[in-house]
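Close look at the chain arrangement
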Amino acid sequence: MKESYEYYKPESLNQVFELLYQYGEGARLVSGGTDVFVQQRQTSERPEAMISLRHIAELAGIRVDGDRLVIGAATTLRDIEHSELLASEGEILVDATRRMASVQIRNVATIGGNIVTAAPSADTAGPLLALGATAELKSSAGARQVPLREYFTGPGRTVMAPGEVLCRFLIPRPKGPAGGCYLKMSRRQAMDLALVSVGVQLELDESGDSIVKARIGLGVAGPTPMRSLAAEAKLDGRPATQATLKDAARVSCDDTACRDSVRGQAWYREEMIEVLTLRAGRVALDRAKAKV
Ligand SMILES: Cc1cc2nc3c(=O)[nH]c(=O)nc-3n(C[C@H](O)[C@H](O)[C@H](O)COP(=O)(O)OP(=O)(O)OC[C@H]3O[C@@H](n4cnc5c(N)ncnc54)[C@H](O)[C@@H]3O)c2cc1C
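Residues numbered from 1 in each chain as written. Predicted model: local features only at pLDDT ≥ 70, side-chain atom pairs only at ≥ 80, totals over all residues.

**Remarks on the overall build of the protein chain**
For the protein chain, the helix and strand inventory stands at 11 helices and 14 strands. Computed over the C-alpha atoms, the radius of gyration of the protein chain is 19 Å, within 12% of the 19 Å expected from 2.2 N^0.38 for a compact globule of 292 residues. Overall, the protein chain is about 60 × 45 × 30 Å in size when its C-alpha atoms are taken along their principal axes. Expressed as a percentage of its 292 residues, the buried residues of the protein chain come to 45%. When contacts within the protein chain are restricted to residue pairs at least 6 apart in sequence, long-range pairs at least 24 apart make up 65% of them. (Helix = DSSP H or I, 4+ residues; strand = E, 2+ residues; numbered from the N terminus. Rg over C-alpha atoms; globule rule 2.2 N^0.38 Å. Buried ≥ 20, exposed ≤ 12 C-beta atoms within 10 Å, placed from the backbone. Contact = placed C-beta atoms within 7 Å.)

What follows is the structure, given as structure tokens:
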């Protein structure tokens, strides 16, 4: 087994593409390394070259670009947790990052790394799905945008092709008052992966009386992070009330494919999805109404 590899710190995407071309299948991208280096310890495979994405300015940061929010893929979880912009327009992501790993891990781990790893429990996936995010992928051949709903294809699998880099997430900004909430259930409060998780994002009309658009992102409810379309259908265009939230929570498991695992059984996951959908919905509604 080859123990050593080249480690590159390119400062532009073009340099990354050149290195990816040069090393082909022997190349491995790394952002924070909190998944890559753990996986590396578990296998005997070693890349020929590690290509760090940490020094590419265009991949980092959170900003407003007209009618959308833009989050660079190499933005750390800690930067998301402390973002004033997200505290007002993307609380759901702040909720999620606060419950991830430890401060030490969050200081280096990135949102892009979390999404590329594509674990069913990925804590930023539910919030990004609930925010209606699109992933922008770039390669030497050009750029393409993939709605996050179409991005995950299985546990640890995505639509990304060899040579592609996940560059940023594009999130439509709501026109009316909006609020979100992410709740994660795990066996321990700290340093544990989700047994199940729910993120609810609600956009209200100007009066705050009805729900214009709802999106619900679920974690560990199937082989990939997913939306609860059945529950969303019970919210869109309906009165912004507790009764509406209860109706939605009742059907929140209709599209899911929960399974038994070491962390919990399928029936328990389904019951908790209903409970968390109602609880997250209540907080999301309160947060949205506070902006009316
Ligand atoms: C102790 C511990 C606790 C954890 N707790 C949690 C938790 O509570 N919740 C949770 O969801 N996760 C958790 N994780 C997993 C991990 O920290 C996250 O998934 C993290 O966000 C990964 O980001 P990273 O930058 O470290 O990814 P890396 O390890 O650098 O990369 C992960 C994968 O993505 C690829 N990659 C990275 N960036 C890009 C890019 N821009 N374009 C293309 N490919 C890219 C890499 O090649 C690799 O395949 C934990 C990990 C540890 C070690």
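**Description of the domain arrangement of the protein chain**
Annotation of the protein chain at the domain level lists domain 1 (6-52), domain 2 (57-172) and domain 3 (178-289). Each of domain 1 and domain 3 was reduced to a C-alpha centroid, and the two centroids are 36 Å apart. (Domains from an automatic or database assignment.)

**Focus: the site of the ligand**
Surrounding the ligand, one finds 30 residues, the nearest of these being S31, G32, G113, N114 and V116. Of all the secondary-structure elements, those providing two or more residues to the shell around the ligand are β2 (27-30), α2 (36-42), α7 (111-117) and β10 (165-172). Looking at the shell around the ligand, the element that brings in the most residues is α7, giving 5 residues. Counting the residues that make up the shell around the ligand, at least three belong to each of domain 1 (6-52) and domain 2 (57-172). (Near = placed C-beta within 6 Å.)

**What about the sheet that holds strand β3 (residues 49-52)?**
In spatial order, the strands read β1-β3-β2; together these 3 strands make up an open sheet with parallel pairing. Looking at strand neighbours, the two that pair on one side only are β1 (6-8) and β2, the edges of this open sheet. Pairwise comparison of adjacent strand axes, ignoring direction, gives a mean angle of 20° for this sheet. The strands that helix α1 (residues 13-23) touches are β1, β2 and β3; relative to β3, the one it contacts most, it runs at about 165°. (Pairing = 2+ DSSP bridges. Axes fitted to C-alpha atoms, helices over the stretch in contact; angles between N-to-C directions.)

**Quick notes on the packing of helix α10 (residues 242-250) against helix α11 (residues 266-289)**
Describing two packed helices takes the angle between their axes plus the distance from one axis to the other. Taken N-terminus to C-terminus, the directions of α10 and α11 make an angle of 150°; their axes are 8 Å apart at the nearest point. Classified by the interaxial angle, the pair formed by α10 and α11 is roughly antiparallel. Of the two elements, α10 crosses α11, and the hand of that crossing is right-handed. Contact with α10, carried on its side by L245, K246, A248, A249 and R250, involves E274, T277, L278, G281, R282 and L285 of α11 and no other residues of that element. (Parallel < 35°, antiparallel > 145°, perpendicular 65-115°, else oblique. Left-handed = near helix turned anticlockwise from the far one by under 90°.)

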